[in-house]
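# Survey of secondary and tertiary structure
Take a look at the letters that make up each chain.
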Amino acid sequence: MNPSGKKRVWPLALAHGLNDGYGAFLSALMPILIERLGISLTLAGLLTSVRSSIGSFAQWPLGLAADRFGARNFAVFGPLLTAFSMCFLALMPSYWGAVILLVLAGLGTAALHPAGASLVPEGAGRGLRMALFSVGGTLGVALGPILVTQVVSRFGVSALPFLLVPATLVFLVLYQTVPRGGRSPNPQGILLHRHPQRTKILRLWAMGMFRDVVGTAVLSFLAVVWTRRGAPLTLAGLSLTVYSLAGAVGDLVGGRLSDRFGRKEVLAGAMFFALPALYLFLFTDGFISFLFLALFGLALAASVPVTLVYGQELVPESRGAVSGLLLGLVWGVGSLLVTVVGALADRVGLELALSYVGIALIPAGLLA
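So, here's what we can say about the structure. (Residues numbered from 1 in each chain as written. Predicted model: local features only at pLDDT ≥ 70, side-chain atom pairs only at ≥ 80, totals over all residues. Heavy atoms only, no water.)

### Focus on the packing of helix α2 (residues 25–37) against helix α7 (residues 126–155)
Relative to each other, α2 and α7 sit at 35°, their axes nearing to 7 Å. Touching Phe-25, Ala-28, Leu-29 and Ile-32 of α2 are Gly-144, Pro-145, Leu-147, Val-148, Thr-149 and Val-152, all from α7. Residues that form the contact of α2 with α7 fall into these classes: eight nonpolar, two polar and no charged. (Axes fitted to C-alpha atoms, helices over the stretch in contact; angles between N-to-C directions. Helix = DSSP H or I, 4+ residues; strand = E, 2+ residues; numbered from the N terminus. Contact = heavy atoms within 4.5 Å. Nonpolar A, V, L, I, M, F, W, Y, C, P; charged D, E, K, R; others polar.)

Given below as C-alpha coordinates:
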(Lines give C-alpha, C1' and ligand atoms only; values in the text may rest on other atoms or scores of the structure.)
Protein backbone atom coordinates (compact mmCIF):
# COMPACT_ATOMS: atom_id res chain seq x y z
CA MET A 1 0.00 0.00 0.00
CA ASN A 2 1.16 3.50 -0.84
CA PRO A 3 2.87 5.11 2.25
CA SER A 4 1.13 8.44 1.66
CA GLY A 5 -2.19 6.58 1.58
CA LYS A 6 -1.37 5.03 4.95
CA LYS A 7 -0.53 8.45 6.37
CA ARG A 8 -3.87 9.85 5.30
CA VAL A 9 -5.87 6.89 6.64
CA TRP A 10 -4.67 6.73 10.25
CA PRO A 11 -6.33 10.02 11.33
CA LEU A 12 -9.62 8.78 9.83
CA ALA A 13 -9.27 5.46 11.70
CA LEU A 14 -8.52 7.42 14.89
CA ALA A 15 -11.64 9.56 14.39
CA HIS A 16 -13.69 6.39 13.84
CA GLY A 17 -12.25 4.85 17.02
CA LEU A 18 -12.97 7.98 19.09
CA ASN A 19 -16.56 8.18 17.88
CA ASP A 20 -17.46 4.50 18.20
CA GLY A 21 -15.50 4.02 21.42
CA TYR A 22 -17.34 6.81 23.26
CA GLY A 23 -20.58 5.81 21.58
CA ALA A 24 -20.18 2.33 23.08
CA PHE A 25 -20.44 3.85 26.58
CA LEU A 26 -24.24 3.53 26.37
CA SER A 27 -24.44 -0.24 26.82
CA ALA A 28 -21.95 -0.16 29.70
CA LEU A 29 -23.78 2.72 31.44
CA MET A 30 -27.26 1.27 30.96
CA PRO A 31 -27.53 -0.30 34.47
CA ILE A 32 -26.59 3.06 35.99
CA LEU A 33 -29.14 4.91 33.84
CA ILE A 34 -31.91 2.48 34.81
CA GLU A 35 -31.20 2.95 38.50
CA ARG A 36 -30.53 6.71 38.40
CA LEU A 37 -33.58 7.58 36.27
CA GLY A 38 -35.87 4.89 37.70
CA ILE A 39 -36.91 3.65 34.26
CA SER A 40 -38.26 0.35 32.97
CA LEU A 41 -36.42 -1.96 30.59
CA THR A 42 -38.76 -0.77 27.84
CA LEU A 43 -37.71 2.86 28.32
CA ALA A 44 -34.09 1.76 28.61
CA GLY A 45 -34.40 -0.04 25.28
CA LEU A 46 -35.91 3.10 23.79
CA LEU A 47 -32.73 5.01 24.68
CA THR A 48 -30.75 2.59 22.54
CA SER A 49 -33.28 2.89 19.73
CA VAL A 50 -33.07 6.70 19.80
CA ARG A 51 -29.30 6.74 19.38
CA SER A 52 -29.27 3.92 16.82
CA SER A 53 -32.05 5.44 14.73
CA ILE A 54 -30.56 8.94 14.61
CA GLY A 55 -27.06 7.58 14.06
CA SER A 56 -28.28 5.40 11.20
CA PHE A 57 -30.99 7.25 9.30
CA ALA A 58 -29.29 10.67 9.46
CA GLN A 59 -26.21 9.33 7.66
CA TRP A 60 -27.61 9.66 4.16
CA PRO A 61 -28.60 13.38 4.40
CA LEU A 62 -25.42 14.23 6.32
CA GLY A 63 -23.39 12.32 3.74
CA LEU A 64 -25.01 14.43 1.02
CA ALA A 65 -24.20 17.57 3.04
CA ALA A 66 -20.57 16.41 3.31
CA ASP A 67 -20.47 16.09 -0.49
CA ARG A 68 -21.82 19.62 -0.90
CA PHE A 69 -19.88 21.47 1.78
CA GLY A 70 -16.73 19.37 2.25
CA ALA A 71 -16.34 16.26 4.40
CA ARG A 72 -13.48 17.29 6.68
CA ASN A 73 -15.41 19.23 9.33
CA PHE A 74 -18.04 16.50 9.54
CA ALA A 75 -15.31 13.90 10.15
CA VAL A 76 -13.53 16.06 12.76
CA PHE A 77 -16.39 17.57 14.77
CA GLY A 78 -18.75 14.56 14.63
CA PRO A 79 -16.66 12.43 17.05
CA LEU A 80 -16.26 15.40 19.42
CA LEU A 81 -20.05 15.83 19.58
CA THR A 82 -20.45 12.11 20.32
CA ALA A 83 -17.80 12.18 23.05
CA PHE A 84 -19.26 15.30 24.70
CA SER A 85 -22.75 13.81 24.78
CA MET A 86 -21.69 10.44 26.18
CA CYS A 87 -19.48 11.94 28.91
CA PHE A 88 -22.48 13.70 30.47
CA LEU A 89 -25.12 11.04 29.78
CA ALA A 90 -25.05 9.31 33.17
CA LEU A 91 -25.22 12.68 34.99
CA MET A 92 -28.55 13.69 33.46
CA PRO A 93 -31.24 14.18 36.15
CA SER A 94 -34.12 13.42 33.78
CA TYR A 95 -35.02 10.87 31.13
CA TRP A 96 -35.60 13.54 28.48
CA GLY A 97 -32.21 15.06 29.19
CA ALA A 98 -30.67 11.67 28.41
CA VAL A 99 -32.74 11.46 25.23
CA ILE A 100 -31.48 14.86 24.05
CA LEU A 101 -27.85 13.86 24.64
CA LEU A 102 -28.38 10.60 22.75
CA VAL A 103 -29.89 12.50 19.82
CA LEU A 104 -26.73 14.65 19.74
CA ALA A 105 -24.53 11.54 19.98
CA GLY A 106 -26.48 10.00 17.12
CA LEU A 107 -25.93 13.12 14.99
CA GLY A 108 -22.20 13.02 15.76
CA THR A 109 -22.07 9.39 14.65
CA ALA A 110 -24.11 10.12 11.52
CA ALA A 111 -21.76 13.00 10.63
CA LEU A 112 -18.57 10.98 11.01
CA HIS A 113 -19.29 7.75 9.16
CA PRO A 114 -20.11 8.84 5.58
CA ALA A 115 -17.72 11.80 5.72
CA GLY A 116 -14.83 9.72 7.05
CA ALA A 117 -15.44 6.95 4.51
CA SER A 118 -15.53 9.49 1.66
CA LEU A 119 -12.10 10.87 2.69
CA VAL A 120 -10.32 7.51 2.45
CA PRO A 121 -7.67 8.05 -0.27
CA GLU A 122 -8.27 6.70 -3.76
CA GLY A 123 -5.92 4.59 -5.85
CA ALA A 124 -4.51 1.09 -5.70
CA GLY A 125 -5.06 -0.63 -2.37
CA ARG A 126 -8.16 1.37 -1.50
CA GLY A 127 -9.94 -1.73 -0.20
CA LEU A 128 -7.28 -2.18 2.48
CA ARG A 129 -7.34 1.55 3.32
CA MET A 130 -11.11 1.42 3.80
CA ALA A 131 -10.59 -1.65 5.97
CA LEU A 132 -8.16 0.30 8.19
CA PHE A 133 -10.79 3.02 8.59
CA SER A 134 -13.33 0.35 9.54
CA VAL A 135 -10.95 -1.32 12.02
CA GLY A 136 -10.67 1.96 13.94
CA GLY A 137 -14.38 1.85 14.73
CA THR A 138 -14.36 -1.86 15.55
CA LEU A 139 -11.53 -1.46 18.06
CA GLY A 140 -13.32 1.55 19.56
CA VAL A 141 -16.44 -0.54 20.16
CA ALA A 142 -14.31 -3.25 21.80
CA LEU A 143 -12.34 -0.87 24.07
CA GLY A 144 -14.91 1.84 24.91
CA PRO A 145 -16.91 -0.21 27.46
CA ILE A 146 -13.68 -1.28 29.19
CA LEU A 147 -12.58 2.36 29.55
CA VAL A 148 -15.85 3.68 30.93
CA THR A 149 -16.45 0.79 33.37
CA GLN A 150 -12.91 1.16 34.76
CA VAL A 151 -13.41 4.90 35.33
CA VAL A 152 -16.83 4.45 36.97
CA SER A 153 -15.71 1.57 39.20
CA ARG A 154 -12.63 3.45 40.40
CA PHE A 155 -13.81 7.06 40.62
CA GLY A 156 -17.61 7.05 40.33
CA VAL A 157 -20.03 8.48 37.78
CA SER A 158 -19.06 12.06 38.61
CA ALA A 159 -15.64 11.43 37.03
CA LEU A 160 -17.06 10.76 33.56
CA PRO A 161 -16.72 14.40 32.31
CA PHE A 162 -12.95 14.08 32.82
CA LEU A 163 -12.95 11.64 29.90
CA LEU A 164 -13.48 14.73 27.75
CA VAL A 165 -9.79 15.54 28.32
CA PRO A 166 -8.43 12.64 26.22
CA ALA A 167 -11.27 13.13 23.73
CA THR A 168 -10.32 16.80 23.29
CA LEU A 169 -6.64 15.92 22.84
CA VAL A 170 -7.58 13.42 20.14
CA PHE A 171 -9.82 16.07 18.54
CA LEU A 172 -6.88 18.49 18.36
CA VAL A 173 -4.79 15.82 16.65
CA LEU A 174 -7.62 15.16 14.19
CA TYR A 175 -8.03 18.87 13.47
CA GLN A 176 -4.41 19.02 12.38
CA THR A 177 -4.18 15.71 10.52
CA VAL A 178 -7.51 14.73 8.92
CA PRO A 179 -7.09 15.24 5.17
CA ARG A 180 -9.06 17.87 3.37
CA GLY A 181 -11.57 16.53 0.87
CA GLY A 182 -12.79 18.51 -2.08
CA ARG A 183 -16.47 19.28 -2.46
CA SER A 184 -18.25 17.32 -5.11
CA PRO A 185 -19.04 19.59 -8.08
CA ASN A 186 -22.20 17.66 -8.88
CA PRO A 187 -23.41 15.51 -5.97
CA GLN A 188 -26.05 13.08 -7.20
CA GLY A 189 -26.23 10.70 -4.24
CA ILE A 190 -29.82 11.54 -3.36
CA LEU A 191 -31.03 11.08 -6.94
CA LEU A 192 -30.33 7.38 -7.32
CA HIS A 193 -33.46 6.86 -9.41
CA ARG A 194 -31.67 8.83 -12.18
CA HIS A 195 -28.21 7.34 -11.73
CA PRO A 196 -26.92 4.88 -14.36
CA GLN A 197 -25.55 2.61 -11.59
CA ARG A 198 -28.76 2.65 -9.54
CA THR A 199 -29.46 -1.08 -9.98
CA LYS A 200 -26.05 -2.11 -8.64
CA ILE A 201 -26.29 0.37 -5.75
CA LEU A 202 -29.71 -0.97 -4.76
CA ARG A 203 -28.36 -4.53 -4.91
CA LEU A 204 -25.48 -3.50 -2.65
CA TRP A 205 -27.93 -1.88 -0.25
CA ALA A 206 -30.19 -4.95 -0.18
CA MET A 207 -27.20 -7.24 0.36
CA GLY A 208 -26.02 -5.07 3.24
CA MET A 209 -29.51 -5.00 4.75
CA PHE A 210 -29.78 -8.81 4.77
CA ARG A 211 -26.24 -9.05 6.18
CA ASP A 212 -26.88 -6.54 8.96
CA VAL A 213 -30.19 -8.09 10.00
CA VAL A 214 -28.21 -11.24 10.79
CA GLY A 215 -25.20 -9.48 12.29
CA THR A 216 -27.22 -7.12 14.49
CA ALA A 217 -29.44 -9.95 15.74
CA VAL A 218 -26.44 -12.10 16.70
CA LEU A 219 -24.64 -9.21 18.40
CA SER A 220 -27.77 -8.13 20.29
CA PHE A 221 -28.45 -11.58 21.75
CA LEU A 222 -24.93 -13.02 21.89
CA ALA A 223 -24.47 -12.63 25.65
CA VAL A 224 -27.94 -14.12 26.21
CA VAL A 225 -27.03 -17.18 24.12
CA TRP A 226 -24.07 -17.93 26.34
CA THR A 227 -25.80 -17.29 29.67
CA ARG A 228 -28.68 -19.55 28.62
CA ARG A 229 -26.11 -22.23 27.89
CA GLY A 230 -25.08 -21.92 31.53
CA ALA A 231 -21.94 -19.86 30.99
CA PRO A 232 -20.99 -17.15 33.53
CA LEU A 233 -21.50 -13.50 32.63
CA THR A 234 -17.75 -13.00 32.28
CA LEU A 235 -17.63 -15.62 29.53
CA ALA A 236 -20.64 -14.02 27.85
CA GLY A 237 -18.79 -10.69 27.90
CA LEU A 238 -15.68 -12.35 26.50
CA SER A 239 -17.73 -13.62 23.57
CA LEU A 240 -18.56 -10.00 22.65
CA THR A 241 -14.86 -9.11 22.68
CA VAL A 242 -14.00 -12.16 20.57
CA TYR A 243 -16.72 -11.24 18.08
CA SER A 244 -15.50 -7.61 17.84
CA LEU A 245 -11.82 -8.49 17.47
CA ALA A 246 -12.59 -11.14 14.85
CA GLY A 247 -14.53 -8.43 13.01
CA ALA A 248 -11.45 -6.19 13.05
CA VAL A 249 -9.41 -8.99 11.44
CA GLY A 250 -12.23 -9.53 8.95
CA ASP A 251 -12.14 -5.87 7.94
CA LEU A 252 -8.47 -6.16 7.01
CA VAL A 253 -8.79 -9.54 5.30
CA GLY A 254 -11.79 -8.46 3.23
CA GLY A 255 -10.23 -5.17 2.17
CA ARG A 256 -6.95 -6.78 1.18
CA LEU A 257 -8.54 -9.68 -0.71
CA SER A 258 -10.88 -7.33 -2.60
CA ASP A 259 -7.89 -5.35 -3.89
CA ARG A 260 -6.36 -8.57 -5.18
CA PHE A 261 -9.32 -10.67 -6.37
CA GLY A 262 -12.16 -8.20 -6.94
CA ARG A 263 -15.00 -6.62 -4.94
CA LYS A 264 -17.88 -8.85 -6.04
CA GLU A 265 -15.95 -12.07 -5.50
CA VAL A 266 -15.07 -11.16 -1.91
CA LEU A 267 -18.61 -9.99 -1.12
CA ALA A 268 -20.17 -13.23 -2.34
CA GLY A 269 -17.50 -15.39 -0.71
CA ALA A 270 -17.89 -13.62 2.65
CA MET A 271 -21.67 -14.13 2.70
CA PHE A 272 -21.51 -17.82 1.81
CA PHE A 273 -18.64 -18.47 4.26
CA ALA A 274 -20.51 -16.72 7.08
CA LEU A 275 -23.60 -18.94 6.70
CA PRO A 276 -22.11 -22.32 7.76
CA ALA A 277 -19.96 -20.60 10.41
CA LEU A 278 -23.12 -19.18 12.01
CA TYR A 279 -24.90 -22.56 12.13
CA LEU A 280 -21.82 -24.31 13.48
CA PHE A 281 -21.60 -21.68 16.23
CA LEU A 282 -25.27 -22.06 17.15
CA PHE A 283 -25.30 -25.85 17.32
CA THR A 284 -21.98 -26.53 19.04
CA ASP A 285 -20.73 -25.64 22.52
CA GLY A 286 -17.54 -24.87 24.38
CA PHE A 287 -14.28 -23.84 22.73
CA ILE A 288 -15.28 -25.08 19.28
CA SER A 289 -18.36 -22.84 19.42
CA PHE A 290 -16.13 -19.87 20.25
CA LEU A 291 -13.99 -20.71 17.24
CA PHE A 292 -16.96 -20.76 14.86
CA LEU A 293 -18.26 -17.51 16.39
CA ALA A 294 -14.92 -15.86 15.57
CA LEU A 295 -15.03 -17.22 12.00
CA PHE A 296 -18.59 -15.92 11.59
CA GLY A 297 -17.63 -12.45 12.87
CA LEU A 298 -14.58 -12.40 10.59
CA ALA A 299 -16.54 -13.39 7.47
CA LEU A 300 -19.41 -10.99 8.10
CA ALA A 301 -17.12 -8.02 8.77
CA ALA A 302 -14.98 -8.79 5.71
CA SER A 303 -17.78 -7.51 3.48
CA VAL A 304 -18.27 -4.12 5.17
CA PRO A 305 -15.29 -2.08 3.82
CA VAL A 306 -15.64 -3.82 0.45
CA THR A 307 -19.28 -2.72 0.20
CA LEU A 308 -18.25 0.89 0.86
CA VAL A 309 -15.40 0.92 -1.64
CA TYR A 310 -17.50 -0.73 -4.34
CA GLY A 311 -20.36 1.74 -3.79
CA GLN A 312 -18.01 4.71 -3.96
CA GLU A 313 -16.46 3.36 -7.15
CA LEU A 314 -19.95 3.16 -8.68
CA VAL A 315 -20.92 6.70 -7.58
CA PRO A 316 -17.60 8.59 -7.32
CA GLU A 317 -19.26 12.00 -7.57
CA SER A 318 -21.22 11.47 -4.30
CA ARG A 319 -19.04 9.31 -2.09
CA GLY A 320 -20.44 10.77 1.15
CA ALA A 321 -24.06 10.20 0.20
CA VAL A 322 -23.53 6.67 -1.09
CA SER A 323 -21.54 5.85 2.07
CA GLY A 324 -24.45 7.11 4.17
CA LEU A 325 -26.82 4.92 2.18
CA LEU A 326 -24.68 1.78 2.47
CA LEU A 327 -23.80 2.36 6.14
CA GLY A 328 -26.61 4.27 7.80
CA LEU A 329 -29.74 3.02 6.08
CA VAL A 330 -28.43 -0.54 6.17
CA TRP A 331 -27.69 -0.39 9.92
CA GLY A 332 -30.98 1.37 10.62
CA VAL A 333 -33.15 -1.28 8.98
CA GLY A 334 -31.12 -4.05 10.62
CA SER A 335 -31.59 -2.47 14.06
CA LEU A 336 -35.33 -2.05 13.62
CA LEU A 337 -35.78 -5.73 12.76
CA VAL A 338 -34.08 -6.95 15.95
CA THR A 339 -37.40 -6.49 17.77
CA VAL A 340 -38.97 -8.98 15.36
CA VAL A 341 -36.13 -11.43 16.06
CA GLY A 342 -36.76 -11.10 19.80
CA ALA A 343 -40.45 -11.82 19.34
CA LEU A 344 -39.61 -14.90 17.24
CA ALA A 345 -37.16 -16.07 19.91
CA ASP A 346 -39.89 -15.88 22.57
CA ARG A 347 -41.91 -18.33 20.48
CA VAL A 348 -39.38 -20.85 19.19
CA GLY A 349 -36.24 -20.36 21.30
CA LEU A 350 -33.27 -18.03 20.80
CA GLU A 351 -30.84 -20.28 18.95
CA LEU A 352 -33.52 -21.61 16.61
CA ALA A 353 -34.71 -18.04 15.92
CA LEU A 354 -31.15 -16.96 15.06
CA SER A 355 -30.82 -19.96 12.75
CA TYR A 356 -33.98 -18.85 10.91
CA VAL A 357 -32.61 -15.31 10.61
CA GLY A 358 -29.32 -16.69 9.26
CA ILE A 359 -31.14 -17.78 6.11
CA ALA A 360 -31.01 -14.10 5.07
CA LEU A 361 -27.33 -14.65 4.21
CA ILE A 362 -28.41 -16.73 1.19
CA PRO A 363 -30.11 -13.82 -0.67
CA ALA A 364 -27.24 -11.60 0.50
CA GLY A 365 -24.74 -13.87 -1.24
CA LEU A 366 -26.88 -14.12 -4.37
CA LEU A 367 -27.22 -10.34 -4.55
CA ALA A 368 -23.45 -10.00 -4.22
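### Things to note about helix α8 (residues 164–177)
Along its 14 residues, α8 runs 20 Å from first to last C-alpha, staying within 8% of the 20 Å computed at 1.5 Å per residue. All buried positions along α8 are accounted for by Leu-164, Ala-167, Phe-171 and Leu-174. Around the axis of α8, the buried residues are gathered within 75° of arc, so they sit on the same side. Of the exposed residues in α8, the ones pointing more than 90 degrees away from its buried face are Leu-169 and Gln-176. (Expected span 1.5 Å × (residues − 1). Buried < 20%, exposed > 50% of the residue type's maximum accessible area, 1.4 Å probe, protein only. Arc of directions from axis to C-beta.)

### Let's talk about the nonpolar core
Formed by 105 residues in total, the largest nonpolar core has its most connected members in Leu-160, Phe-281 and Phe-296. The contacts of Phe-296, once residues within four sequence positions are left out, are Val-214, Val-218, Tyr-243, Ala-274, Ala-277, Leu-278 and Leu-361. (Core = buried A, V, L, I, M, F, W, Y, C linked by side-chain atoms within 4.5 Å.)

### As for helix α4 (residues 59–69)
Three or more residues of α4 are buried, namely Gln-59, Gly-63, Leu-64, Ala-65, Ala-66 and Asp-67. Two residues or fewer after α4 comes Gly-70, characterised by a positive phi angle close to 100°.

### Digging into the environment of Val-170
Topologically, Val-170 is positioned in helix α8. Separated by 142 residues in sequence, Val-170 and Ala-28 have C-alpha atoms that sit 22 Å apart. Look past the residues within four positions of Val-170 in its chain and what remains in contact with it is Leu-14 and Leu-18.

### Remarks on the packing of helix α9 (residues 198–228) against helix α14 (residues 338–348)
Packed helices, taken two at a time, are described by the angle between their axes plus the distance between the axes. Close contact between α9 and α14 brings their axes to 9 Å; oriented N to C, the two are set at 60°. It follows from the interaxial angle that α9 and α14 lie oblique. Crossing geometry of α9 relative to α14 is assigned as right-handed. Across from Thr-216, Ala-217, Ser-220 and Phe-221 in α9, the residues of α14 making contact are Val-338, Val-341 and Gly-342. (Parallel < 35°, antiparallel > 145°, perpendicular 65-115°, else oblique. Left-handed = near helix turned anticlockwise from the far one by under 90°.)

### Quick notes on the pattern of salt bridges
The full count for this structure, using the stated rule, is five salt bridges. One salt bridge connects Asp-259 with Arg-263, and the closest N-O pair in it is separated by 2.9 Å. Under the relative-accessibility criterion, Asp-259 is labelled partly exposed at 25%. A residue is classified by how much of its surface remains accessible, and Arg-263, at 13% relative accessible area, is buried. In this structure, a network of salt bridges that share partners links the residues Arg-229, Asp-285 and Glu-351. (Salt bridge = Lys/Arg side-chain N within 4 Å of Asp/Glu carboxyl O.)

In short, the description is geometric, and any link to function would need to be established separately.
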